[in-house]
Amino acid sequence: MTGDAPATLRLADQVVAEYTWRPDLPVALSPRPYLHPVRTLGGICVTELMPASHRHHLGVSVAVAEVDGANFWGGRTFIPGHGPAWLDNQGTQAHARWLRRTPAQIGHALRWTGIDGALLLTERREITARRLADDAWVLDFGFTLSNAADRDVPVLSPAVHGRPGAGYGGFFWRAPAPDSPVRIDAESGSGLEAVHGRTSRWLSVRGGAWTLVFIGGTERTRSDRWFVRTRDYLGIGSALSWDEPLVLGPGSALTRRIVTVIADGALPPERAAAYADELAS
């Protein structure tokens, strides 16, 4: 890797994902590192970047709607009693230093700052790729967010402010809309209603030629609710807060880990459950 060129995740000689760690993006998109393209072993791209419908959706990233008033999601901010509105409150996640760089693993430290430059959070992020089967590989994405301020720092979603079902904020994956209808399965049942806003050890999204299986990599991560949207766009996230704010006290931290199986073809729920048994800590 040279300069600001994207880092690559490789399995043998195959590039399975590119990681833009120092993006050149408008402030309105809440600039942050992201993974795109992410591909199956068969070469199918399973991420979208800055789509026309939601330009602040950046492949695979950690995106939070509100941290102490700062927008790390991008785009508009939800205002109670008003709705989404453009505010000058977009934050930035900036690379601080590398912790690890190998063909199959990326680790770095980041700084989360508000639009005024004030430091709110520091982060340690680890991203690892490994082959799982001839038709599937694993993206292991872990992060620790630490309060860098001298006060409580609340982490909120629009659902906290009263927007029904809008509990997004945390690990988020923007997937391409497939040609065939999307099928959602989870340990909690089948269909969107069985998983959106609920906890489940795993969920799978089948897009015809590919399947993504999202697994809570730790017990604490598995207690977070899933955000899944199939109308207008296909997006999957593990929510840090839903009905109530998550408050980080001075010096405190949170750690989450999402393990995603990226597979060619349509995996049945039984195989997704078997992968969860194998990969969940």
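For the structure itself, consult the block above.
Keep in mind it's a predicted model, so treat the numbers as computed, not measured.

### As for the overall build of the protein
Then, in step 1: Broken down by element type, the protein carries two helices and 21 strands.
Then, in step 2: A globule of 281 residues ought to have a C-alpha radius of gyration of about 19 Å, and the protein, at 18 Å, matches this closely.
Then, in step 3: Classification of the 281 residues of the protein by burial places 54% in the buried group.
Then, in step 4: In the form shown here, the protein has an accessible surface area of approximately 11400 Å², with 48% of it arising from carbon and sulfur atoms.
Then, in step 5: In the protein, the 29 positive side-chain charges and the 29 negative ones have mean positions that sit 2 Å from each other.

### Some details on unusual backbone geometry
Then, in step 1: The peptide bond linking His-36 to Pro-37 adopts the cis configuration, its omega dihedral lying at -5°.
Then, in step 2: On the secondary structure map, Pro-37 appears in strand 3 (residues 34-38).
Then, in step 3: Phi at Ser-30 takes a positive value of approximately 50°, unusual for a residue other than glycine.
Then, in step 4: Structurally, Ser-30 is set in the loop between strand 2 (14-20) and strand 3.
Then, in step 5: A positive phi is found at Asp-232, a non-glycine position, where the angle reads about 75°.
Then, in step 6: Judged by its relative accessible area of 55%, Asp-232 is exposed.

### Description of the packing of aromatic side chains
Then, in step 1: Counted according to the given criterion, the structure contains 11 aromatic pairs.
Then, in step 2: Plain terms: the ring middles of Phe-171 and Phe-214 are 6.5 Å apart, the flat faces sit at 65° to each other, and that makes the pair edge-to-face. Note that Phe-171 is positioned in strand 13 (residues 170-175) and Phe-214 in strand 17 (residues 210-216), a separation of 43 residues in sequence.
Then, in step 3: A residue is classified by how much of its surface remains accessible, and Phe-214, at 0% relative accessible area, is buried.
Then, in step 4: Taken together, the ring pairs connect Phe-141, Phe-143, Phe-171, Trp-173, Phe-214 and Trp-226 into an aromatic cluster.

Rules used in this analysis
- Residues numbered from 1 in each chain as written.
- Predicted model: local features only at pLDDT ≥ 70, side-chain atom pairs only at ≥ 80, totals over all residues.
- Heavy atoms only, no water.
- Helix = DSSP H or I, 4+ residues; strand = E, 2+ residues; numbered from the N terminus.
- Rg over C-alpha atoms; globule rule 2.2 N^0.38 Å.
- Buried < 20%, exposed > 50% of the residue type's maximum accessible area, 1.4 Å probe, protein only.
- Areas by Shrake-Rupley, 256 points an atom, 1.4 Å probe, with all protein chains shown as cover.
- Lys, Arg positive; Asp, Glu negative; His and termini not counted.
- Charge placed at Lys NZ, Arg CZ, Asp CG, Glu CD.
- Phe/Tyr/Trp six-rings, centres within 6.5 Å; stacked < 30°, edge-to-face > 60°.

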